[in-house]
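Listed here are the chains, written in short residue letters.
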Amino acid sequence: GFNRRRQTLQPREEPPITRGPAPAAMDAEDLRDVAAVYVTRVPELTRELDEAYAAADWPGLRLLAHRFVGTLGFFDEPASQTAERLRRAVADGRH
């Protein structure tokens, strides 16, 4: 499952982005399970991103963008790339 505990990480502590098998390599049941997590988790992450931005919580925003990269990357590579650009911008102090 997803780690729902908020964390403040320093740039070198950012966990690596990991991805599981591609959707084409999964059976229908596994794909349904992953899609269900995606549908519930993305709105939560979006709300958390909004909250972190409103609070000027740059380390938190960077971590959430990092999580988005992996979550979105499974189904939506362009959105994942946008999340990666956000993560890099915040990490570089461009906020």
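One can find the structure itself at the top, above this paragraph.
On a predicted model such as this, the values are computed, not experimentally measured, just so you know. (Residues numbered from 1 in each chain as written. Predicted model: local features only at pLDDT ≥ 70, side-chain atom pairs only at ≥ 80, totals over all residues. Heavy atoms only, no water.)

*Asks:* A description of the packing of aromatic side chains should follow, citing residues and the corresponding values.
*Replies:* By the definition in use, this model includes one aromatic pair. Summarising the aromatic geometry, the rings of Y53 and W58 are spaced 5.9 Å apart at their centres and angled 70° between planes, so their arrangement reads as edge-to-face. For Y53, a relative accessible area of 56% gives the class exposed. The class of W58 is partly exposed, set by a relative accessible area of 21%. (Phe/Tyr/Trp six-rings, centres within 6.5 Å; stacked < 30°, edge-to-face > 60°. Buried < 20%, exposed > 50% of the residue type's maximum accessible area, 1.4 Å probe, protein only.)

*Asks:* Please provide a residue-by-residue account of the pattern of salt bridges, values included.
*Replies:* Evaluated as defined, the whole model comprises five salt bridges. Across the pair E48 and R41 runs a salt bridge, and its minimum N-O distance is 3.6 Å. For the residue pair E48 and R41, the accessibility class agrees, reading buried in each case. Taken together, the salt bridges that share partners define one network made up of R41, E44 and E48. (Salt bridge = Lys/Arg side-chain N within 4 Å of Asp/Glu carboxyl O.)

*Asks:* Before we move on, could you go through the nonpolar core and cite the residues and values that matter?
*Replies:* If you look at the biggest cluster of nonpolar residues, it comprises 11 residues: V42, L45, L49, A52, L61, L64, F68, V69, L72, A83 and V90. At the level of secondary structure, the elements contributing two or more residues to this core comprise helix 1 (28-54), helix 2 (58-73) and helix 3 (77-91). Counting residues per element, this core draws most heavily on helix 2, at five residues. If we skip the residues at most four places from it in the chain, A52 touches D57, G60, L61 and L64. (Core = buried A, V, L, I, M, F, W, Y, C linked by side-chain atoms within 4.5 Å. Helix = DSSP H or I, 4+ residues; strand = E, 2+ residues; numbered from the N terminus. Contact = heavy atoms within 4.5 Å.)

*Asks:* Tell me about the packing of helix 2 against helix 3, residues and numbers included.
*Replies:* Relative orientation of the contacting elements helix 2 and helix 3 amounts to 160°, with a least axis distance of 8 Å. The orientation of helix 2 with respect to helix 3, classified from their angle, is roughly antiparallel. For the pair helix 2 and helix 3, the crossing hand works out as left-handed. In this structure, helix 2 contributes W58, L61, R62, A65, H66, F68, V69, L72 and G73 to the contact, and helix 3 contributes E77, A79, S80, A83, E84, L86, R87, V90 and A91. (Axes fitted to C-alpha atoms, helices over the stretch in contact; angles between N-to-C directions. Parallel < 35°, antiparallel > 145°, perpendicular 65-115°, else oblique. Left-handed = near helix turned anticlockwise from the far one by under 90°.)

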